[in-house]
Every structure is written in structure tokens, then in C-alpha cells.
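Breakdown of the fold
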Number of protein chains: 2
Amino acid sequence: MNKQTEEALKIVKETLALEDKYGHALNVLNYDMETICPEKGMEAQGEIISFLGNEAFKLRKDDKFIEAAEVLYANKDELDALDKVLADQLHRAYLQDKNITPEKQLEYSRIFNKAFVDWSAARKEGKFELFADSLAAVDKAGKEMIALREKTAEEENYSVYDMMLNDYERGMTTKELDETFNRCKEVLVPLLEKIKASNKKIRRDFLSIEVTDEQQKQMADYLLSVMKFDTTRGAYTTSEHPFTSGLAKDDIRLTTHYYPDQFISSMYSIIHEGGHALFEQLQPAEDFDHYINGFKTLGMHESVSRFYENRIGRSKAFVHLIYPKVCEIFPQVMKGVTEEELYYALNIVEPSLIRTEADEFTYTLHIIIRYEIEKEIVSGKLDTKDVGARWKEKYKEYLGIEPSTDREGVLQDVHWTSGFGYFPTYAIGNMYNSMYIKAMEKEFDIEAAVAAGDFDKINGWMKEHVFAKANRLAPAEWIKDITGRDFTPEDFLTYITEKFSKIYEL
Amino acid sequence: MNKQTEEALKIVKETLALEDKYGHALNVLNYDMETICPEKGMEAQGEIISFLGNEAFKLRKDDKFIEAAEVLYANKDELDALDKVLADQLHRAYLQDKNITPEKQLEYSRIFNKAFVDWSAARKEGKFELFADSLAAVDKAGKEMIALREKTAEEENYSVYDMMLNDYERGMTTKELDETFNRCKEVLVPLLEKIKASNKKIRRDFLSIEVTDEQQKQMADYLLSVMKFDTTRGAYTTSEHPFTSGLAKDDIRLTTHYYPDQFISSMYSIIHEGGHALFEQLQPAEDFDHYINGFKTLGMHESVSRFYENRIGRSKAFVHLIYPKVCEIFPQVMKGVTEEELYYALNIVEPSLIRTEADEFTYTLHIIIRYEIEKEIVSGKLDTKDVGARWKEKYKEYLGIEPSTDREGVLQDVHWTSGFGYFPTYAIGNMYNSMYIKAMEKEFDIEAAVAAGDFDKINGWMKEHVFAKANRLAPAEWIKDITGRDFTPEDFLTYITEKFSKIYEL
């Protein structure tokens, strides 16, 4: 390594070490804000978060740092593999931000903040028209930010919407998603019709029997221990919306939410967030030393959380494993409920209006609707004031139901207050995991391992194949590295068709 | 105000505003550390706390700030009343630190850290001799720090131990404490003998019946609402040792601890910490704007927490108020237990070894033992290696019992790992509140207010008389301002004699 590169590496690492300290503090402050901070304490705590965030931001805007990062990129062939990943990402971030002045940055953040405020008000009132102008402003700001950006080589032929997708799932394009989602609709929409027409009766009377928070907490503890979540390196509590945060290398936090009349809800939110948390706990320790631990994409993350939630958690083998404990912890619910009845209840297919409560089968259709609508907005085909109406049409078309209020419709998700391109990652995750499960199956009997509670085997395979290179490779390379194949939705569609045809006796 | 003073005030306020931001972040990080941070995440979080603490520390060590603070002190007659309080305190802090170099500071903090580590190990092994050398080092470092200090005018004739006391309770001297505690022993030791000889039978069979965490949480919610703790400006959770932290002006946090077989324990720890929390919530808002909100002393704080815990919480009127709810929340415990039986059980007097579990009557004796021993250490009369033996002698003499292990004896409290002078504040608190209750009684019928649950009246009086000037006056001035009288233990001794003579039918 030449002297200049060496010096540049030193500057970059020192700056990132300092940034990490602020990041750790900010992670704790944000976790606190979402979980326990009282209502009237939030504003002041928000200011502290802005203050420390700004201190951290200044570090990256320092000329010496920028220059050093560019030296690294220019000389990346001299770097070891992990530092090379870092150099690429710093360069990417640099191109993204270089033409965005602090004034512009402030202007955009005001637009997004206003959008959030308008969305909250619109949601409260149940009136989409109160949000429509802000949605247009978000669209405009997003396009402007992309116009200001210098493209990387791989982004050269990207459309504006491709660029937006790329911010959440590197390398994912409109073309690929169109093909993927059209194929999904081809399979899922007619299959849903058959399911709806099926005579299969699934027992659901026990699903809304009241349970206590303490029972749900006992169940959460049990599920995390089954999954082998390491509680010496992590913790959980409750929050309005469940989430996971990698606070620090040895401190991974998740949250759940207890509803007294929906015992299933917190169980599967714990398994879902527990999946995210395992990904954070079992990634390579050296990724932290190279400051690349945050590079895994949202699609990768969702693939893992949904692997644990759906592929493991809603399987017959898993229900067999946990059934005795479910009966023990929730006796008032489970009295007279068989293992099979529990399995079927966990896999009820029912078109519904709210994405976050959707079943495994219909979930993808919720995502496709959002994808198609945001693409229409960005391309200019759809005026933001007509989005509410378009939403209803699409729900009718794909799911056969229609929201009677905007609150249950277009206003249900917060995501559009900060731009477009996020939603597809949720669906992509299921397709990734369906692909890598095929690779896993070749090495051992997954069902047998789950039924035996052998999560060391499952987590071990995930660690070696799925987690090991997630920070280091772009999604397309990563899935090819794991499976030897290019991205495809077919494994997912095969799985979902087989599983639900069997359950609904089609 | 002359220009120079104005400029100095501006510099001081800007610096303290910035220090406050770090302080707020640190408060959140510390609260998180004590409540939810997982075991293996603590070391890294500790480093973040040191890092931000150091950033804050640097602000005060800045020459421009020190100079400005000294200008304020020199011209304090030009300042408004609250800024004058600030100027005095900054000057005091300046004299305290001016001769302590960063190297010395580091040296002392290492000694205290080592003392903590040794104490933990000694406690684990139950062997005081493992801690004796560190205790000697703490004594030596404490004395050195005081020798390096420049005294204020009021401290001129203070002994070394007076200076130590002064750090926790400004103006409190050995002479005054000797008189106070000797008087207490004169009254309490023979009275305890009579209590022990009493034939009064108090029912206690229900005190160790098992309850769930959820029941205890319900009770905690109820008690905080009875006390009118504002949950929009505060929150609570659990921690190993209950404590209260004023995170920010509108964010006061407390903690409790649930023991399944001691339902009383968490109830009274909630009331105690709730008292601290009310003090923080109901102090004057403008004290925050002048950065003097942290000036109230430990003795003042304990006076308030023990006012709510003992004077209110263990009174007949309070038991009358909460009895129906206690029966409702803990039916398995309270079946067949009368209101009177609950009152008596809350006031059992029983010499015991552990200070934090002591009853209202014997508590003061636990403090006196610590006071007398630490005074002997500081004066050089007692070698630290003999402290364990001395501890046993004193417990035998005042309480008539003797610890069989050091863990239940001299090693029970963490306080001596960071110096001497803290303990007396715990006992002083009871004497303050006994004085101000006499003033309160003249204005309204306290028992009637408590029985009616009229905490607006009680908290209102506390706010106006006790909380209003706590940050602004030294303890001696403060208690005189509230009561018109000088500090005395007599009100406390009269109260305790009357209450327990009645309960034990002496």
C-alpha cells in the first residue's frame, strides 16, 4: 500500500470510529424515544437527536475526510477485500450527496417533515385530500434530488424510478420488478379466487380469546430462546410498532406489541423481529471493524425476518415444536385446540385491507399495488390527487375488496412521506428466501431440524451462507453466491402454490 | 448590567445550554444502561458515556468559560436572583476543581474504579479483607482532593470530614451531626429495647404470598396516579436497584423492582421514587432556564422521598385510601386481611442487617453506624482493615444483632467505593420533613387530605414551600425559609416516639 493510501485509510477509519460513537448514542436515544420516552419529553429528546446527528454529519462533510475517501476509491486495488467494500460505498455516498448543499438538504428535510405532519393529520381525519399536495411535493423533491446526483457507472441507464429503487435495493430495476410482479399476479390472483371458493373450514374461534401481557411476555421469552437469540447481546421491550435496531455490535434490540385479544400477533412479530435480530447478531464481527456492518439491504433483511416468521414459524414442524408450550402458557386459549387446528389458523388466507396484518399469501399483492401506484406517480401518469381512487380500484382488482375509508386505504402506511422505492423490498425478501431455502434443503432436512428445535443447525447455515457476505455484496451477487442462480420469483410461487393448495384442498 | 458582565453571562449560558444537551443524552444513556442494556452491550455503552461525558467536561474546562464564570462571580450584584445563584455555584465548582489537573483527575477516577471492582469481588466472595486496601486508597484520595481544593469563605474552619459532608449537604458539619445523632441514639436505642420487649403481636403471614409482576405493575400505576405523578412528563420501568433520574425538564424517569414474594417492597419503592420524581416535576420551570435545577441537595431530596414514603405512605389515612385497591389488585394476598392489619404490617419494627430493607424506626440507626465509622476512618482512629470488626460491634450495640457475613455487613453498600460523607443525608431527610410537616399541619388537616386522596393539596403545598427554593438556597437557609426555625432532630424524634409507642402499646 502506498503512503498516501495508508494515510487516507487512517483518516477514514478514525472519522468513522468517531461517527460510530455518535451513531451508538443516537441508536440508544432513538430506541428510548420509540419505547419509553413520555409524550411531553419527545420534543426535547428530538432536539438532542438532531444535535448529535448534526455533530456526526459534520464529520462526513469534512474536506479532509472526503478527500481521503476519494483517495481510497482511486487506489482501491491496494486495499484488502473489506476495505474495498468500504471504499466503494463511501464513493457511492459521496456521489449521492456531493451536489446537495446544506441549504438544499434543509429544504428537502422540511418537505419530508411537512409531509409527515400532513399525513398524520390526513390519517386522523381520514381524508386523503389533506395529504395529496404534500405527496406531490415529496415526488418533486425526490426527483430533484436524483437530478442533482452524479450517477455511478452501473446506474448510467437507470430511469428516475430505477434510481429510487436502487436507494433501497442496489441494482434492482423497474424492468426486473415488472416481470417479477406480473408473474406473481398471473399466479396469485387466480389462485386467490380458488381459495376464496374453497369449502375448507378453518377454526378461528380461539384466536381472539383474551390473554395477559405477562402471558405474552412469557411466550416472547420462550420464542426468542427457541430461536437462540443471544440475550446477553440483546434485549426487547414494547413499542407502538415493532422494530429491530442494531444498537451496537453486542447490543441488538427488538420490540413487540401486546394486544390482549390477538395472541398470535405478538408471537409472530417476535419471530419476525427475532429474525432481523439474528441477522444482526450473527453477521461477521470483522464487518464492524471495517464499518461495513450497515451495508446489507432491506430486501436481504426482509428475506431473513420472513424466513423465520413464515417459512420456519408458520410451518407444520414449528407448530409441532411449540404446541405444548403454547398450551401451557395460554391455557384459556388452547383448551381443546389441536396442533393441526393451530397450524391451520396460522395460515388462514383472507383478503384484508391492512398490509401489516396481511397473511403470507395475500401480502405480495398489497406490495404490488403500492409498487404499481408509485411507479405511475413518478412517471407522471397519475396525478397525486387521484391516488386514493386508484388505490381502491387496485384493491378491488387484485384482492376483491375495497376500503371504505382512506385511513384503511391509501393513508395506512407512513412510507410515502419520505419518498418512493421502499415497498418492493418487502416482497423481494420472500423471493430471496425461497431461493436459498432450496440450497439449504440440499444440505439437511429443514423440517426435521425445526421439529427437533435444532436452531443451531439452521442459524449456523444462515450465518455461513446468507449472513456472511450480506454486507459485502450487492443483492444480485449475494443471491447468486448463496444459490448459484440468478434472482427469480419462481421458487416463491411454487412454494406458495403448493402450500396453500394443500391447506385449502384445491 | 455592564457590558463585560453581559458578555460573560452570554458565554456562560451558551456553554451551559450545550452542556445540557450532552447531559440530556447522557441521562438517557445511563437510564438505558441501568434498565434494559444487555450484559455484553454494557462495556461499549460505557465507552460512549465516557466519550460524551468528556465532550461535556471539555466545555467547562475551556478558558473562556472559566473566565466568564469568574467575571459573573465578581459582578454578581449586577445579576438577577437566579443568575446570582448560578454564579455562586459556578465559583464553588471552580474552586473545587481548579488545582485538579486532568492527570490527577484520571488518577482519582482509576482509584474509585478499582475500589468498585474490588468491592464487587469482595462482596461476591463475602470477604471484607479483599476491599480493605482499596478503602484505604479511597480515603487517601479523598483527603488529597480536599487538600488541593481552595476553600470558600464559609468553609474556612472546616475539617477534612466537614468538607466531605459539605460536598453532599452544603453547610452540614461534624459538630452539628454529632449533636443530632447523639440525641437520636439517646432516644432510639432505649425505645428499641422497649419495642423488642413489647407483647404486641402483628400479623405478617400475608406479606410473603406470591404475586405476579403484572399485579405489581398495576399497583405501581395506581400509586403513581394517586400521587398525581404526571405520566405525560415521565415514565418508569424496572431495574436492579430502584432510582429516579431527571432526564430533562419534561422527562422524569423512575424505576422499581418486582419481587414475587414481597408485594410491599415494590409498592413502597414506587412511592419513595415517586416522591423524588414529584420533586423534579414540580420544581420551578425557570430554574431550568437558569441551569440551577441540579442544585438541590441529597438531604432535601431524601426529605421529600421519605415524606411520601413514610409520612404519607405508612400513615393510617393512606392505608385507608388505598386499602380497597390493594384488595382488588392482590386478592390472593389480602383475603381476610383488615385495613388495620395492613397498617400494622407496614409499620413492623424489627432490627435487621440490611439498610435498604430497614423499617422506618431502625433506619436512622443504620445511618448513624456508617457515619460514626467513616468519621473514625477519616480521622485516622480506625485502620481500614478493622472496619469489618467495628461494623459488627456497632450493630450489636445499637441494634442488638450482628451480621454473620461481611456481605450482610460492611460490604452491603456501594457508597464507600467513591468516598465518604454521603450517608448522613439519608437520615437528615427525615428530620427536614418532620420539621416542615409541622408547618404544613398549621395550614390544613394532612390526614384528612390524604384519606380523601387530595394530593393536589399536598403536592401544591410542597411545591410552594418545599420545592420552590430548593435549588436556590443552602439547606440551612432553605429549612428556615420553610419553617421559620433552625434545623433540629426533635420533631422527628417526637413523631417517631409517639407513632411507635402507640403501635407497640408502650
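What counts and how
- Every chain's residues receive numbers from 1 upward, in the order its sequence appears when written.
- Naming scheme: in the order in which they are written, chains are lettered from A and ligands are numbered from 1.
- Owing to the predicted nature of the model, reporting of local features is limited to residues with pLDDT of at least 70; listing and counting of side-chain atom pairs is limited to 80 or more, with chain, interface and lining totals taken over all residues.
- The fit set for superposing copies consists of C-alpha atoms from residues with pLDDT of at least 70 in both; the fit itself is least squares.
- Two residues form a contact once the distance between their C-beta atoms, set from the backbone, is within 7 Å.
- Segments assigned H or I by DSSP are reported as helices when at least four residues long, segments assigned E as strands when at least two residues long, and all are numbered from the N terminus.
- What a helix is expected to span follows from its residue count: subtract one and scale by 1.5 Å.
- In this scheme every C-beta is placed from the backbone, and a residue whose C-beta has 20 or more other C-beta atoms within 10 Å is buried, one with 12 or fewer is exposed, and one in between is partly exposed.
- Residue ranges assigned to the domains are those given by an automatic or database domain assignment.
- For this scheme, ten residues count as nonpolar: Ala, Val, Leu, Ile, Met, Phe, Trp, Tyr, Cys and Pro. Four count as charged, namely Asp, Glu, Lys and Arg, and the remainder, Gly too, count as polar.
- Strands are treated as partners if at least two bridges between them are detected by DSSP.
- In this analysis, axes come from line fits to C-alpha atoms, helices being fitted only over the stretch in contact, and the angle between any two N-to-C directions falls in the range 0 to 180 degrees.
- This arc is built from the directions going out from the helix axis to the C-beta atoms.
- Left-handed describes a crossing whose near helix is turned anticlockwise from the far helix through less than a right angle; right-handed describes the clockwise counterpart.
- Throughout, the term roughly parallel applies to angles under 35 degrees, roughly antiparallel to angles over 145, roughly perpendicular to angles from 65 to 115, and oblique to all others.

Of the two same-sequence chains, chain B is brought onto chain A (RMSD 0.0 Å, axial shift 0.0 Å) by a rotation of 180 degrees. Overall, the copies show the geometry of a two-fold rotation axis. In terms of proximity to the rotation axis, the leading residue of chain B is Glu214(B), whose C-alpha is 3.1 Å off the axis. Taken as a fraction of all interface residues of chain B, those also at the interface in chain A reach 100%, which identifies the copy contact as same-surface.

Residue and element names in this part refer to chain A. Given a rise of 1.5 Å per residue, 17 residues ought to cover 24 Å, and the 25 Å separating the end C-alpha atoms of helix H4 (residues 81-97) matches this to within 8%. Restricting attention to buried positions, one finds in H4 the residues Asp83, Val85, Leu86, Ala87 and Leu90. Of the surrounding elements, those touching the buried residues of H4 are helix H1 (3-35) and helix H3 (63-74).

What follows is about the domain arrangement of chain A. Many structure descriptions define interface size as the accessible area lost when the parts assemble. All names here are of chain A. Per the domain assignment, the segments of chain A are domain 1 (1-98) and domain 2 (205-349 + 448-460). Contact residues are listed per partner, giving 14 residues for domain 1 and 14 residues for domain 2. Of all the elements in the fold, those that place two or more residues in the side of domain 1 that touches domain 2 are H1 and H4. In terms of residues, the side of domain 1 that touches domain 2 owes the most to one element, H1, which gives nine residues. Residues that form the side of domain 1 that touches domain 2 fall into these classes: six nonpolar, five polar and three charged.

Another point: the environment of Lys185(A). Relative to the helices and strands, Lys185(A) resides in helix H8 (residues 174-197). Distance in space between the C-alpha atoms of Lys185(A) and Glu43(A) is 44 Å, their sequence separation being 142 residues.

What follows deals with the sheet that holds strand S3 (residues 251-256) of chain A. Where strands meet in a sheet, backbone hydrogen bonds hold them as pairs that are either parallel or antiparallel. All names here are of chain A. Reading across the sheet, the three strands line up as S1-S3-S2 and stay open at both edges, with mixed pairing between neighbours. Edge positions in the sheet fall to strand S1 (234-238) and strand S2 (244-248), since each of these pairs with one other strand and no more. The sheet shows a mean angle of 25 degrees between the axes of neighbouring strands, taken without regard to direction. When S2 meets S3, the two strands line up antiparallel, connected through four bridges. Its bridge partner lying in S3, Ala248 is registered against Asp251.

Next up on the list: helix H22 (residues 490-503) of chain B. All names here are of chain B. When the terminal C-alpha atoms of H22 are compared, their 20 Å separation across 14 residues agrees well with the 20 Å that a helix rising 1.5 Å per residue should span. Buried within H22 are the following residues: Phe492, Leu493, Ile496 and Phe500. Across the axial projection of H22, the buried residues extend over an arc of 95 degrees, all falling on one side. Projecting away from the buried face of H22 at angles above 90 degrees are the exposed residues Glu498 and Lys502. Considering only its buried residues, H22 is in contact with helix H8 (174-197) and helix H18 (424-443). The first or second residue beyond H22 is Glu505, which carries a positive phi of 50 degrees.

Take the interface of chain B and chain A next. Counting residues at the interface gives 31 residues for chain B and 31 residues for chain A. Of all elements in the fold, only helix H1 (3-35), helix H2 (42-61), helix H9 (213-226), strand S1 (234-238) and strand S2 (244-248) of chain B reach the threshold of two or more residues within the side of chain B that touches chain A. Considering each element in turn, the side of chain B that touches chain A owes the most residues, six residues, to H1(B).

Positionally, Glu286(B) belongs in helix H11 (residues 286-289). With 204 residues separating them in the primary sequence, Glu286(B) and Leu82(B) have C-alpha atoms 8.7 Å apart.

Quick look at the packing of helix H16 (residues 363-379) of chain B against helix H17 (residues 387-399) of chain B now. Residues and elements named next belong to chain B. Put simply, H16 and H17 touch, their axes get as near as 10 Å, and they point 145 degrees apart. The element H16 and its partner H17 pack so that their crossing is right-handed. Of the residues in H17, those touching H16 at Leu365, Ile368, Ile369, Glu372, Ile373 and Ile377 are Val387, Arg390, Trp391, Lys394, Tyr395, Tyr398 and Leu399. Residues of the contact of H16 with H17, tallied by class, amount to ten nonpolar, no polar and three charged.

Quick look at the packing of helix H5 (residues 102-125) of chain B against helix H6 (residues 129-148) of chain B now. Residues and elements named next belong to chain B. Where H5 meets H6, the axes come as close as 9 Å, and the angle between the chain directions of the two elements is 155 degrees. In terms of orientation, H5 and H6 fall into the roughly antiparallel class. Remark: the crossing between H5 and H6 carries left-handed chirality. Where H5 approaches H6, its residues Tyr108, Ile111, Phe112, Lys114, Ala115, Asp118, Trp119, Ala121, Ala122 and Glu125 are matched on the opposing element by Leu130, Phe131, Ser134, Ala137, Val138, Ala141 and Met145.

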